[in-house]
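This is what each chain is made of:
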Amino acid sequence: MGAGDSQDAKPEPGEIFAYFTEIGIISQLSSALLAKVLPDGVHPSHFAIVQHLIRRGDGKPPVRIASAMQITKATMTHSLSVLEKRGFVVTRPSPEDARSKLIYLTDSGRAFHAEAIEGVIRAFGRIIGDEHVAIMRQAMPGLVTIRKLLDDNRDL
């Protein structure tokens, strides 16, 4: 690539902010759509915890999940209470340290996750056409790269 190629260019003033603004708006709009397919009383933030446990594995202490999700311990405690009352997670003592608790998904929690994903796919399927899928596929590698960059630098 030459010096004039767009990948070598410094960002224009406000370009980085505009990029993340678009991502934030997409996040808000997609969360609103997700909220419409979730059961009453279950919020997208609760679903995000289940999604995290699916992606990263369960059997983690609440404080570690809260840290990964960048929420307070109090918020995590409330959210886990909602999920536990629904039967989506259970809290068990740690086998290594009886004072510590670990969070596990239940079969109901896994079924809830699968049903929510199916609902979101149906909801998005009503509005996303083939041309949008092509845009998403093209953008995905770059989004993954930016997400990893931010994740690796979350403590700055």
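Residues numbered from 1 in each chain as written. Predicted model: local features only at pLDDT ≥ 70, side-chain atom pairs only at ≥ 80, totals over all residues. Heavy atoms only, no water.

1. As for the overall build of the protein
Assigned secondary structure in the protein consists of six helices and two strands. Ordered by position from N to C terminus, the α and β elements of the protein give α-α-α-α-β-β-α-α. Here the C-alpha radius of gyration of the protein, 19 Å, is well above what a compact globule of 156 residues would show, namely 15 Å. Taken along its principal axes, the extent of the C-alpha atoms in the protein is 60 × 40 × 25 Å. The 156 residues of the protein split such that 21% are buried. Counted over contacts in the protein with a minimum sequence separation of 6, partners at least 24 positions apart contribute 54%. Carbon and sulfur atoms form 57% of the exposed surface of the protein, whose accessible area is close to 11,100 Å². (Helix = DSSP H or I, 4+ residues; strand = E, 2+ residues; numbered from the N terminus. Rg over C-alpha atoms; globule rule 2.2 N^0.38 Å. Buried < 20%, exposed > 50% of the residue type's maximum accessible area, 1.4 Å probe, protein only. Contact = heavy atoms within 4.5 Å. Areas by Shrake-Rupley, 256 points an atom, 1.4 Å probe, with all protein chains shown as cover.)

2. Re the nonpolar core
Leu38, Ile49, Leu53, Leu80, Leu83, Val89 and Phe112 are the most contacted members of the largest nonpolar core, which totals 19 residues. Contributions of two or more residues to this core are made by helix H2 (44-56), helix H3 (62-69), helix H4 (73-85), strand S2 (101-105) and helix H5 (107-125). With four residues, the top contributor of residues to this core is H2. Leaving out residues up to four positions away in the same chain, leucine 83 has contacts with His46, Ile49, Val50, Phe88 and Val89. (Core = buried A, V, L, I, M, F, W, Y, C linked by side-chain atoms within 4.5 Å.)

3. Examining H5
Under the 1.5 Å per step criterion, the end-to-end length of H5 is 27 Å for 19 residues, consistent within 8% with the ideal 27 Å. Buried within H5 are the following residues: Gly109, Phe112, His113, Ala116, Gly119, Val120 and Ala123. The buried residues of H5 all sit within an arc of 130° when viewed along its axis, so they share a single face. Of the exposed residues in H5, the ones pointing more than 90 degrees away from its buried face are Asp107, Glu115 and Ile121. (Expected span 1.5 Å × (residues − 1). Arc of directions from axis to C-beta.)

4. Considerations on a positive patch on the surface
A cluster of like positive charges, contributed by Arg55, Arg56, Arg64, Arg147 and Lys148, occupies part of the molecular surface. At the level of secondary structure, the elements contributing two or more residues to the positive patch comprise H2 and helix H6 (130-152). Mapped onto the secondary structure, arginine 64 falls in helix H3. (Patch = residues over 30% accessible without salt bridge, like charges linked within 9 Å, V, L, I, M, F, W, Y side chains within 5 Å. Salt bridge = Lys/Arg side-chain N within 4 Å of Asp/Glu carboxyl O. Lys, Arg positive; Asp, Glu negative; His and termini not counted. Charge placed at Lys NZ, Arg CZ, Asp CG, Glu CD.)

Honestly, it's all geometry; don't read function into it.
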